[in-house]
Amino acid sequence: MKKLFITLTAIILEIGFFFQGMTCTAYAAEVSASSVKESQFVTGVYGTNNNGEEIVVALYNTGKKDIAFIIDGKEKFYGTYTMNPGQMEGGTNVQCYDVSGITFAYFEMDGGMYIMTDEGNIYALENITAHEVEQLR
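Residues numbered from 1 in each chain as written. Predicted model: local features only at pLDDT ≥ 70, side-chain atom pairs only at ≥ 80, totals over all residues. Heavy atoms only, no water.

**Observations regarding the pairing of strand β3 (residues 66–72)**
What counts here: Only protein chains enter the accessibility calculation, which uses a 1.4 Å probe; a residue is then buried when its area is under 20% of its type maximum, exposed when over 50%, and partly exposed in between. Strands are runs of DSSP state E lasting at least 2 residues, helices are runs of H or I lasting at least 4, and numbering of each runs from the N terminus. Strand pairing follows a simple DSSP-based rule, namely that at least 2 bridges must link the two strands.
Most of β3 is tucked away: five of the seven residues are buried. In the sheet, strand β2 (residues 54–61) pairs with β3 via seven bridges, with the strands oriented antiparallel. Looking at the pairing, Val56 lines up with Ile71 of β3. Connecting β2 to the next strand, β3, in antiparallel fashion are four residues, including Gly63 with a positive phi near 100°. In the sheet, β3 pairs with strand β4 (residues 75–85) via six bridges, with the strands oriented antiparallel. When the bridges of β4 are listed, Ala68 appears paired with Gly79. Hairpin connection between β3 and β4: a loop of two residues separates the two successive antiparallel strands, and Gly73 in this loop has a positive phi of roughly 75°.

This is the structure:
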């Protein structure tokens, strides 16, 4: 009985040490990837900035809420979004987005499409298809 107790204690401790090294991050505002699969693709853009950093933004509509999928570098993020018209000197079709607390502005200037983040990073954009976004997800 004593050997069984020691063995069980050792197994429980090993499992505890295994899970101690793992971290679990929860995002309250984040939506699931399955919500996107059930949604209608609205539009998507791919862009790069002067430092070679990449961004992908894809917008979806479930019929009840608007969902955005963003890849910024190696981070992937799903969230609900709101869009409001904005103003920018020299820019046209300015739209301000809030994706579960992440904000940026989309605008067009001199025939090009751009995203400007709150940090001041500007990405030159081109349209991408739903199929291309699916390959990245």
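What follows picks up the thread again.
**A word on the packing of aromatic side chains**
Spelled out, the test is: Only Phe, Tyr and Trp rings are paired, with Trp represented by its six-membered ring, and only when their centres lie within 6.5 Å; those with planes under 30 degrees apart are stacked, over 60 edge-to-face, the remainder tilted.
Throughout the structure, instances matching the rule amount to five aromatic pairs. Here Phe69 and Tyr78 contribute two aromatic rings whose centre-to-centre distance is 4.8 Å and whose plane-to-plane angle is 35°, an arrangement assigned as tilted. The exposure classification of Phe69 matches that of Tyr78, with both residues buried. Where Tyr81 meets Tyr97, the ring centres are 5.9 Å apart and the plane angle is 45°; that geometry is what we call tilted. On the criterion of sequence distance, the pair formed by Tyr81 in strand β4 and Tyr97 in strand β5 (residues 92–99) is long-range, its members being 16 residues apart. Given the relative accessible area of 12%, Tyr81 is considered buried. These aromatic residues form a ring-pair network of at least three members: Tyr81, Tyr97 and Phe104.

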